[in-house]
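A look at the structure
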Amino acid sequence: MDAIAEILIDWYDTHHRELPWRETRDPYAVWISEIILQQTRVAQGYDYYVRFLRTFPTVEALAAADEDRVLRLWQGLGYYSRARNLHAAARQIVAQGGFPTTYEGLLRLRGVGEYTAAAIGSFAYGIPLAVVDGNVYRVLSRLFAATEPIDTTSGKKLFAQMATQLLPGEASAHYNQAIMEFGALQCVPHSPRCDVCPLVGKCLALARGMVDELPVKSHRTKVTERWFHYFYVHNATHMYLHHRTANDIWRGLYELPLLETPGNLNDFKVPKDLNNLKDINSLTPAFRFCATRRHVLSHQVIHATLYEAEVQGELPPSPLYNTIRIDDLDDYALPRLVTLLLGDRE
Ligand code: SF4
């Protein structure tokens, strides 16, 4: 085995965290953990993983669930397309009679890209595939002082080659876990503990004083700004809720009636200018300002404001919104932003 792989495995055996998805070779459990942990820290994803497997212990149970239930369970994790894809892929798996057992078969599942297919292939089936996540990019770029950007096609190819070359013939799953954990705990993005690093004599970035410059990214993600105005319209017992069905963030989740404006239109008249709230307009309730929040997603910054109007008497049926009991709100999957805004008003 290559000396670097051996050092990483030795380090892992002493330092790794005990995590439930590392104790299993069940492809379903490995898959759930990999999807939950994309863009999510272990500390945050842990409880979701446990809850998810308790609620849907098998791929059949997940496939049989309705999407609302899956999204409700996912609430707070963000990147809800992961949950929708997970659900769709579970149905794919059941329809084809079981979990795919090859890299190519795994890649055909909804929401499964090269990284996830390699992770399931390696951790569940022991297929000798290099698993390259953000942690691995960082470790490799520093070890080899590789300045090729990690977010370009050529960069990805180069790092995949490096990772494959380092992959030991035997114990490849063990090694993959080791290098990922090493990046997560030791060779961290800021102020890595180079003074206690077992690879200190082999790290070219350290030798060349380049640790803080690596890995290199070619461009920053373009961030869009959006302005959301939410309206909490309710009487003593009921409220309006909107189901997001458009192809946009939070598809499939529920929210308060929303007006999106192209800029920070503080002076729009609430609610007279709100065409999509005209059925609420007819109630002529007095909207009061409740809260404002700046909510940062990976590609969007949302400037949100919450207004509230309490209506006397019945809420008329709306063609746009569901009328639900306020006490039942917890049964619906809401974006975290909406939950936070509602919390702010109390
Ligand atoms: S010496 Fe520092 S930069 Fe190099 S692998 Fe170790 S922790 Fe990472």
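Residues numbered from 1 in each chain as written. Predicted model: local features only at pLDDT ≥ 70, side-chain atom pairs only at ≥ 80, totals over all residues. Heavy atoms only, no water.

Looking at the overall build of the chain
Selection criterion: Only runs of H or I of at least four residues qualify as helices and only runs of E of at least two qualify as strands under DSSP, and these elements are numbered from the N terminus. Every residue pair with non-hydrogen atoms within 4.5 Å of one another is taken to be in contact. Exposure was quantified through the Shrake-Rupley algorithm and a 1.4 Å probe, taking into account, for residues, occlusion by the shown protein chains and nothing else. His is not counted here, nor are the chain ends, while Lys and Arg score as positive and Asp and Glu score as negative. For this purpose, a charge sits on NZ of Lys, CZ of Arg, CG of Asp or CD of Glu.
Check the secondary structure of the chain and you find 14 helices and seven strands. Once the C-alpha set of the chain is aligned to its principal axes, its extents read approximately 75 × 50 × 35 Å. In the chain, the share of contacts with a sequence separation of at least 24, taken over all contacts with a separation of at least 6, comes to 67%. Looking at the chain as shown, the accessible area adds up to about 17,300 Å², and 50% of this sits on carbon and sulfur atoms. Positive and negative side-chain charges of the chain, numbering 35 and 39 respectively, have mean locations separated by a distance of 4 Å.

Some words on the pattern of salt bridges
Worth spelling out the cut-off: Salt bridges are counted wherever a side-chain nitrogen of Lys or Arg sits within 4 Å of a carboxyl oxygen of Asp or Glu. When accessible area is computed with a 1.4 Å probe and restricted to protein chains, residues below 20% of their type maximum are described as buried, those above 50% as exposed, and intermediate ones as partly exposed.
Under the criterion given, the structure shown has 11 salt bridges. Two residues, Arg293 and Asp344, come together in a salt bridge whose shortest N-O distance is 2.7 Å. With a gap of 51 residues between them, Arg293 in strand β5 (residues 288-296) and Asp344 in helix α14 (residues 336-344) connect regions that are remote in the sequence. The class of Arg293 is partly exposed, set by a relative accessible area of 29%. One salt bridge in this structure joins Arg345 and Glu308, with 2.9 Å as the shortest N-O distance.

Overview of the packing of aromatic side chains
Here a ring pair, both rings aromatic, is described through the centre-centre distance and the interplanar angle of the planes. We count it as follows: Any Phe, Tyr or Trp ring, taking Trp's six-membered ring, that has another such ring centre within 6.5 Å forms a pair; planes under 30 degrees apart are called stacked, those over 60 apart edge-to-face, and the others tilted. We call a charge positioned over a ring when the NZ of a Lys or the CZ of an Arg lies within 6 Å of the ring centre and within 35 degrees of the ring normal.
Taken as a whole and judged by the stated rule, the model has 14 aromatic pairs. Ring centres of Tyr240 and Tyr321 lie 5.7 Å apart, and the angle between their planes is 40 degrees; on these two criteria the pair is classed as tilted. Of this pair, Tyr240 sits in strand β2 (residues 238-243) while Tyr321 is found in the loop between β6 (300-310) and β7 (322-325), placing the two residues 81 residues apart along the sequence. Exposure class is identical for Tyr240 and Tyr321. Each is buried. An aromatic cluster is built from Trp21, Tyr46 and Tyr49, whose rings are joined through pairwise contacts. Lying over the aromatic face of Tyr48, Arg51 brings its terminal NZ or CZ to 4.8 Å of the ring centre.

Thoughts on the nonpolar core
Here is the rule we go by: The set of buried Ala, Val, Leu, Ile, Met, Phe, Trp, Tyr and Cys residues whose side-chain atoms join them within 4.5 Å is what this entry labels a nonpolar core. Annotation comment: domain bounds sourced from an automatic or database domain assignment.
With 98 residues, the main nonpolar core has Trp31, Phe52, Leu62 and Tyr230 as its most contacted residues. If one sorts the elements of this core by residue count, helix α2 (residues 27-37) sits on top with seven residues. Residue contributions to this core reach at least three from each of two domains, namely domain 1 (3-213) and domain 2 (224-344). Residue contacts for Phe52: discarding those within four places in its chain leaves Tyr28, Ile32, Ile36, Leu62, Val70, Leu73, Trp74 and Leu86. Tyr240, Phe287, Val311 and Leu315 belong to the second-largest nonpolar core, a separate cluster that totals 10 residues.

Digging into the site of the ligand
The condition is simple: We define proximity as follows: a residue is near a molecule or strand when any one of its heavy atoms falls within 4 Å of that partner. Lys, Arg, Asp and Glu make up the charged group, whereas Ala, Val, Leu, Ile, Met, Phe, Trp, Tyr, Cys and Pro make up the nonpolar group; the residues left over, Gly among them, are polar.
The immediate surroundings of the ligand are formed by Arg142, Gln186, Cys187, Pro192, Cys194, Cys197, Cys203, Leu206 and Val211. For the shell around the ligand, a count of residues per class yields seven nonpolar, one polar and one charged.

Some points on the packing of α2 against helix α3 (residues 42-55)
Going by this rule: Axis definition: a line fit to C-alpha positions, over the contact stretch in the case of helices; interaxial angles, taken between N-to-C directions, run 0 to 180 degrees. Should an angle lie under 35 degrees it is considered roughly parallel, over 145 roughly antiparallel, and from 65 to 115 roughly perpendicular; all remaining angles are considered oblique. Take the far helix as your reference; a near helix turned counterclockwise from it by less than a right angle gives a left-handed crossing, and one turned clockwise gives a right-handed crossing.
Between α2 and α3, the shortest axis-to-axis distance is 9 Å and the interhelical angle comes to 140 degrees. Relative to α3, α2 is oriented oblique. Here the hand of the crossing between α2 and α3 comes out right-handed. On α3, the residues touching Tyr28, Ala29, Ile32, Ser33, Ile36 and Leu37 of α2 are Val42, Gly45, Tyr48, Tyr49, Phe52 and Leu53. The residue makeup of the contact of α2 with α3, split by class, is 10 nonpolar, two polar and no charged.

A closer look at the side chain of His229
Here is the rule we go by: For the purposes of these results, a polar contact is taken to be a pair of N or O atoms within 3.5 Å, where, inside protein, one atom must be able to donate a hydrogen and its partner to accept one; residues adjacent in sequence count only when each atom of the pair is a side-chain atom.
As for its placement among the helices and strands, His229 is situated in strand β1 (residues 224-234). A polar contact is formed between the side chain of His229 and the side chain of Thr261, at a distance of 2.8 Å.

What to know about the domain arrangement of the chain
Rule in force here: Take the accessible area each of two parts loses on contact, using a 1.4 Å probe, and add the two losses: that sum is the buried area.
Here the chain is described as being made up of domain 1 (3-213) and domain 2 (224-344). The gap between the C-alpha centroids of domain 1 and domain 2 is 37 Å. Buried surface at the junction of domain 1 and domain 2, summed over both partners, amounts to about 890 Å²; 47% is from carbon and sulfur atoms. Its largest share of buried area at the contact with domain 2, domain 1 owes to Arg72, Tyr80 and Arg84, together 48% of the area lost on that side. Summed over the shared surface of domain 1 and domain 2, the number is zero salt bridges.

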